[in-house]
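Structural characterization, general
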Amino acid sequence: MKITYREALRLGLREALARDERVFLMGEDVGRYGGTYAVSKGLLAEFGPERVRDAPLSELAFVGAGIGAALGGMRPIVEVMTVNFSLLPLDQIVNTAAILRHMSGGQFAVPLVIRMATGAGRQLAAQHSHSFEGWYAHIPGIKIAAPATIDDAHGMLGAALADGNPVLVFEYPALFETTGELSAEAIDIAHAKVRRQGTRVTLVAYGNCVPKALQAADRLAEEGINAEVVDLRVLRPLDMDTVLASVRKTRRAVVVDDGWRSGGLSAEIMARVMEQAFYDLDAPVARVCREEVPIPYARHLEEAALPQADKIVAAVKGLFQ
Amino acid sequence: MSTPIPPPPSGPVPYPPEKSIALLTDMLRIRRLEEKCAELYGAGKIRGFLHLYIGEEAVATGAMRALLPVDSVVATYREHGHALLKGVAMTRIMAEMFGKKEGCSRGRGGSMHLFDAATRFYGGNAIVGGGLPLAVGFGLAAKMRGEERVTACFFGDGAVAEGAFHESMNLAALWRLPVAFFCENNFYAMGTAIARYEAQTDLCAKAASYGMEAFPVDGMDVVAVHEGAKRAREHAMASGPVFVEFRTYRFRAHSMFDPDLYRDKSEIEQWKTRGPIHTFSARLKAQGDLTEERFLEIDAEVAGEVDAAVAFAEAGSWEPVEDLAKDVYAP
Ligand SMILES: Cc1ncc(C[n+]2csc(CCOP(=O)(O)OP(=O)(O)O)c2C)c(N)n1
Ligand SMILES: [Mg+2]
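Rules and cut-offs
- Residues numbered from 1 in each chain as written.
- Chains lettered and ligands numbered in written order.
- Predicted model: local features only at pLDDT ≥ 70, side-chain atom pairs only at ≥ 80, totals over all residues.
- Heavy atoms only, no water.
- Salt bridge = Lys/Arg side-chain N within 4 Å of Asp/Glu carboxyl O.
- Buried < 20%, exposed > 50% of the residue type's maximum accessible area, 1.4 Å probe, protein only.
- Core = buried A, V, L, I, M, F, W, Y, C linked by side-chain atoms within 4.5 Å.
- Helix = DSSP H or I, 4+ residues; strand = E, 2+ residues; numbered from the N terminus.
- Domains from an automatic or database assignment.
- Contact = heavy atoms within 4.5 Å.
- Polar contact = N/O pair within 3.5 Å; in protein donor to acceptor, adjacent residues only side chain to side chain.
- Phe/Tyr/Trp six-rings, centres within 6.5 Å; stacked < 30°, edge-to-face > 60°.
- Buried area = accessible area lost by both parts, 1.4 Å probe.
- Nonpolar A, V, L, I, M, F, W, Y, C, P; charged D, E, K, R; others polar.
- Donors = N, O, S within 2.8 Å, 3.2 Å for Na, K, Ca; no water.
- Expected span 1.5 Å × (residues − 1).
- Bend = angle between axes of the 7 residues up to and from the residue.
- Pairing = 2+ DSSP bridges.
- Axes fitted to C-alpha atoms, helices over the stretch in contact; angles between N-to-C directions.

Moving on: the pattern of salt bridges. Tallied over the entire structure, the rule returns 46 salt bridges over all chains. Residue Asp-20 of chain A pairs with Arg-22 of chain A through a salt bridge whose shortest N-O separation is 2.9 Å. When its relative accessible area of 34% is taken as the criterion, Arg-22 of chain A is described as partly exposed. A salt bridge links Lys-285 of chain B to Glu-292 of chain B; the nearest nitrogen and oxygen atoms lie 2.4 Å apart.

With that settled, consider the nonpolar core. Core analysis: the biggest nonpolar cluster contains 192 residues, and Tyr-136 of chain A together with Phe-181 and Phe-243 of chain B have the highest contact counts within it. It is helix α1 (residues 17-42) of chain B that contributes the most residues to this core, 11 residues altogether. Here this core spans two domains, since at least three of its residues come from each of domain 1 (2-181) and domain 2 (193-319) of chain A. The residues touching Tyr-136 of chain A, leaving out its near neighbours within four places in the chain, are Val-83, Ser-86, Leu-90, Ile-93, Met-116, Ile-142, Ile-144, Leu-168 and Phe-170 of chain A.

Another point: the side chain of Gln-123 of chain A. One can find Gln-123 of chain A in the loop between β5 (113-117) and α6 (133-136). Of the polar contacts made by the side chain of Gln-123 of chain A, one reaches the backbone oxygen of Tyr-297 of chain A; its length is 2.9 Å. Among all residues touching Gln-123 of chain A, those that are not within four sequence positions of it are Tyr-297, Ala-298, Arg-299 and Glu-302 of chain A together with Arg-47, Gly-48 and Phe-49 of chain B.

Turning next to the packing of aromatic side chains. All names here are of chain B. Applying the stated criterion to the full structure yields 20 aromatic pairs over all chains. Between Phe-155 and Phe-181, the ring centres sit 6.4 Å apart and the planes meet at 70 degrees, which makes this aromatic pair edge-to-face. Placement of Phe-155 in strand β3 (residues 151-156) and of Phe-181 in strand β4 (residues 179-185) is noted, with a sequence separation of 26 residues between them. For Phe-155, a relative accessible area of 3% translates into the label buried.

Attention shifts here to the interface of chain A and chain B. Each partner contributes residues to the interface: chain A has 30 residues there, and chain B has 40 residues. On the chain A side of the contact with chain B, Tyr-33, Leu-57 and Tyr-297 of chain A bury the most area, a combined 25% of that side's loss. In this assembly, chain A and chain B are joined by zero salt bridges. Taken together, the links from chain A to chain B amount to 11 residue pairs in polar contact (both at pLDDT 80 or more). The greatest single-element share of the side of chain A that touches chain B, amounting to four residues, is contributed by helix α11 (residues 299-305) of chain A. Considered class by class, the residues forming the side of chain A that touches chain B number 17 nonpolar, six polar and seven charged.

Bringing the coordination of the magnesium ion (ligand 2) into the picture now. Residue and element names in this part refer to chain B. Taken together, Asp-157 (OD), Asn-186 (OD1) and Tyr-188 (O) make up the full set of protein donors to the magnesium ion (ligand 2), lying 2.0 to 2.1 Å away. Linear spacing of the donor residues for the magnesium ion (ligand 2) on their chain is D-x28-N-x1-Y. Of this pair, Asp-157 sits in the loop between β3 and α6 (163-174) while Asn-186 sits in the loop between β4 and β5 (188-189), and the two are 29 residues apart along the sequence. The class for Asp-157 is buried, based on a relative accessible area of 1%.

Our next topic: helix α7 (residues 150-163) of chain A. All names here are of chain A. With 14 residues, α7 ought to run about 20 Å at 1.5 Å a step, and its terminal C-alpha atoms sit 20 Å apart, in line with that. When the local axis directions of α7 are compared, the greatest deviation, roughly 35 degrees, occurs at Met-156. Turning to α7, its buried residues number three or more, namely Ile-150, Asp-151, Asp-152, Ala-153, His-154, Gly-155, Met-156, Leu-157, Ala-159, Ala-160 and Leu-161.

For the rest of this paragraph, the subject is the sheet that holds strand β11 (residues 227-231) of chain A. Residues and elements named next belong to chain A. Here we have five strands laid out as an open sheet, ordered β9-β11-β10-β13-β14, and mixed in their pairing. In this open sheet, the two strands that pair with only one neighbour each are β9 (193-196) and β14 (286-290). Averaged over all adjacent pairs, the angle separating strand axes in this sheet is 25 degrees, with direction ignored. Two strands pair when backbone bridges link them, and strand β10 (residues 201-205) and strand β13 (residues 253-260) are joined in this way by three bridges, in the parallel orientation. By the bridge assignment for β13, Leu-203 is matched with Val-254. The sheet contacts of helix α9 (residues 240-250) involve β9, β10, β11 and β13, and relative to β11 the element is tilted by about 175 degrees.

Okay, the environment of Phe-181 of chain B next. Relative accessible area serves as the criterion here: at 0%, Phe-181 of chain B is assigned to the buried category. Between the C-alpha atom of Phe-181 of chain B and that of Val-242 of chain B, which follows or precedes it by 61 residues, the distance is 6.1 Å.

All names here are of chain A. What the domain assignment lists for chain A is domain 1 (2-181) and domain 2 (193-319). Tallying the contact residues gives 30 residues for domain 1 and 25 residues for domain 2. Together domain 1 and domain 2 conceal approximately 2100 Å² of surface at their shared face, both sides included; 58% is due to carbon and sulfur atoms. Linking domain 1 to domain 2 there are two salt bridges. At the level of secondary structure, the elements contributing two or more residues to the side of domain 1 that touches domain 2 comprise α6, β6 (143-145) and α7. Tallying contributions element by element places β6 first for the side of domain 1 that touches domain 2, with three residues. Here the residues of the side of domain 1 that touches domain 2 sort into 17 nonpolar, nine polar and four charged.

In C-alpha cells form, the structure reads like this:
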C-alpha cells in the first residue's frame, strides 16, 4: 500500500489511540482544526474530544501537564505545533521530563511522547525554521527520534510509547508529501540504518537530510563514487556501531546536519568517529551543516543557508583530492 | 462563537471631514494592499506564511492615529497594516514580501517580520506572545530615561493564554510602565474559538486582576477604536499600563495554508455586515462628509499606491548570497 509520510504519521497515531485507552493526544489545533499540518485530521471524530484534546496557546503548561498526566497513569502524546515553539516548554522538558527518573532515585519514569514538526525550506523565516533536534540530543534522559521514511513515520510513535520514558519525535513537513510502501517490518527507536549500500564514502544523515544525502549519492554514482548512506534515525542515544561499521568499510565520511555547526550533532559524530575509528580513516571526516545564520525569508538565501545535495557532493569530492 | 454579534457600527462621526477621510483612506490602504498580497501569493511572488488582516483594519487605523511618531510599536505576524500606518512606505513593505533587498528587512524577514527603526516599528514577531515582554522593556527604558513616549503592543486573543502575557501584565503594572496593551480579539486563535481555549473569556477581567486599567472597545468601529486608543495613550503616559480589548473579526482564513473549516460561513457573513470600511463610509455619506464619487477617487488613489508598491518590489534586487552572514553577530 502506497501512502504519504503524513498518512503514515496519522496511521501511527490512530493505532496508538486504538491500542491503549490511556493514550491521548493533546496540543494546539489538533482537534477541530485537524492539526496544523493535517496530521491529526479525522481523529477528533473517531476518538472524541477527551482523547483528542485541543489546548490553548500555553505550551509550558500543556507540556508540563503531559508530564504530570504520564506520572499519573496516562500515556500522553503531546503535540507541540513546531520545534520553534518548543522553546517555551523547554524548562519542563529539560528540568522535569528528562531529569525526574534519575533524580528521584529511579522512582519516577515519565512515559511521555512529545511530537513536533521541525526544519526549514518553506520560506517561513528565522523564527519558524529552526532545527533543534540535534540540540535536544544533548540532553541525557530523553530519546530523540527522527523519522525520515514512511515506515519510521508510521512506526516510531508506537515504539516511543512502548519505551515508557520521554521520547521526542521530530516530524518533517518537508517530507509530508513523500510517498512509499508501508512494510510489515518492526520499527525500533534504537538503531541507525543503512539506506543505500556503498563502498567509498559514508554519508551520515538524519531526517530531511536523508533524501538530500541519497540524491547526492545518486549524483556521486554517476561520477564513479559509490557512497553509502546511513540514516541515524535516533539522535539520542546514537547508534555508533552502525556508523562505525560503515566508516570502517568506506574509510571516509561526511556528516550532514540540518542544525548549526558549532557545538552541534555533527561535531559529536565526528568526534566519536575520531575517537573510535581514527586509524581506519583515509581522510578527515567532513561535514555539511546549516550555515550559522538565522534562516532568511528570501528563497535564494534560504537555499544557500541549508544543506543541499550539491554541497554534499562537493564535500565528498573534497575528500578525494 | 458564544458572544452575540452586536449590530453594525452606526451614528454620527464626530470628526472634521478631513480627519474622517484620512481614517477611511488608511483603512482602504491596508485593505487594498492585502488584497494585492493575496493575489501575489497565488502568483507565487510572495511565499511563506501570509496572515491577512482583512476585516480588522479599523483597529490598526484608529489606534495608530492616536499614537505619535515618538511612540514605539511592537506587533505580531499579522502586522502589514500596523507597519504601513506607523509610517513604513508601502513600497518597502511590498519589497519585503517579495524577499527583495529593498524591503524594510532586506528581504530576510518577509511578511511576518517587518521592521523599521526610523519609525520605531519593532516588528513583526511570529512567536505568539513574544512581543509582550519586549514592549515592557521599551516601557522600562522610556521610564528610566525620562522619555515622553508610549509603547503600543499589539497581540491576538490567543496570546492571552501564554505565560508571557501574564508575566508581562504583572511587570508592567508593578513598575507602572507607559505601555498600551492592544489586544486584537478576533475570537479565534488559528482554528480554535476563544470559548474553547479560555476558561475566562472576559479578557479585560484578566488584565484588571493585575491592577491595570482595562476596557473593551468595538474594534469594527474606527471611531470607537480611535477614541479608545487616545484614552489609552493618555492613561499610559499619565499613570502606567493599560489594556484595551478591541473586539474584531478576521474575514479571511488564519493564513494562506488554512482551509478555514472550523467556523460557520454564516458567522463570517454576519460579521461582514459590521465591516469597518463599508459601515464607516455609510456613516460619512449619511452626514454628507463623503460621496460615492469621492470614495471611488480615494480608492483609485490607493490602487495607484499599491501598483507603485508592486512595481517597486518587482524592480528590486536580490541580496547577494555573499551577504548571507552579514549582520550575524558572532557567526
Ligand atoms: C508560541 C507559539 N505557539 C504557536 C504558534 C502557532 N500559531 C501562530 S498564530 C497562532 C494563533 C494565534 O492567535 P491569536 O493570538 O488570537 O492571533 P490571530 O492570529 O488571531 O491574529 C498560532 C497557534 C506560534 N506562532 N507561536
Ligand atoms: Mg485571534
